[in-house]
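# A look at the structure
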Amino acid sequence: MNQKEQLRFVGHQFLLVLLVAFLALILFAIGLMVGYGVIGDGDNIWAILSAEKWQELIGKFTGK
């Protein structure tokens, strides 16, 4: 294996890792929306992705 083939292999592996991380992030967001909006009876499924909702949730757990 020459250096060019090794670099191509590393590039493909790096892209595969990025793709898996991106898909995991998307599935995590979908899980949050389903858990909050459908199971948790939230009024808006998109609200769980907002910064204000996360500040509210963290405030409840930290007591601030």
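Because the structure is predicted, anything quoted here is derived from the model rather than measured.

Calculation criteria
Residues numbered from 1 in each chain as written. Predicted model: local features only at pLDDT ≥ 70, side-chain atom pairs only at ≥ 80, totals over all residues. Heavy atoms only, no water. Helix = DSSP H or I, 4+ residues; strand = E, 2+ residues; numbered from the N terminus. Buried < 20%, exposed > 50% of the residue type's maximum accessible area, 1.4 Å probe, protein only. Areas by Shrake-Rupley, 256 points an atom, 1.4 Å probe, with all protein chains shown as cover. Lys, Arg positive; Asp, Glu negative; His and termini not counted. Charge placed at Lys NZ, Arg CZ, Asp CG, Glu CD. Polar contact = N/O pair within 3.5 Å; in protein donor to acceptor, adjacent residues only side chain to side chain. Contact = heavy atoms within 4.5 Å. Expected span 1.5 Å × (residues − 1). UniProt positions renumbered as here; feature names shortened; annotations may be inferred.

### A short note on the overall build of the chain
- When its secondary structure is counted, the chain shows two helices and zero strands.
- Expressed as a percentage of the 64 residues in the chain, the buried residues total 12%.
- Total accessible area on the chain is roughly 5700 Å²; 70% of this is exposed by carbon and sulfur atoms.
- Taking the 5 positively charged and 5 negatively charged side chains of the chain as two groups, their mean positions are separated by 11 Å.

### Focus: the side chain of lysine 53
- Looking at where lysine 53 falls in the secondary structure, it is placed in helix α2 (residues 51-62).
- Look at lysine 53 and you get buried, because its relative accessible area is 15%.
- Among the polar contacts listed, one links the side chain of lysine 53 to the side chain of tyrosine 36, at a separation of 3.1 Å.
- Every residue in contact with lysine 53, bar those within four places of it in the chain, is listed here: Tyr36, Ala47 and Ile48.

### As for helix α1 (residues 3-39)
- End to end, α1 covers 52 Å across 37 residues, agreeing with the expected 54 Å (1.5 Å per residue, within 8%).
- Listed in full, the buried residues belonging to α1 are Leu32, Met33 and Gly37.
- Those residues of α1 that are buried lie in contact with α2.
- Its side-chain oxygen placed 3.2 Å from the backbone nitrogen of lysine 4, asparagine 2 serves as the N-cap of α1.
- With its phi angle positive at about 55 degrees, aspartate 41 sits one or two positions after the end of α1.

### Some details on the UniProt feature "transmembrane region" (unreviewed entry) in the chain
- Residues annotated in UniProt with the feature "transmembrane region" (unreviewed entry) correspond here to residues 14-39.
- Taken end to end, residues 14-39 is 100% helix and 0% strand, and its two terminal C-alpha atoms sit 36 Å from one another.

### Let's talk about the environment of tyrosine 36
- Secondary-structure assignment places tyrosine 36 in helix α1.
- The partly exposed category is assigned to tyrosine 36, whose relative accessible area is 22%.
- The spatial distance from the C-alpha of tyrosine 36 to the C-alpha of valine 10 is 39 Å, given a sequence separation of 26 residues.
- Among residues more than four places away in sequence, those in contact with tyrosine 36 are Asp41, Gly42, Asp43, Asn44, Ala47, Ile48 and Lys53.

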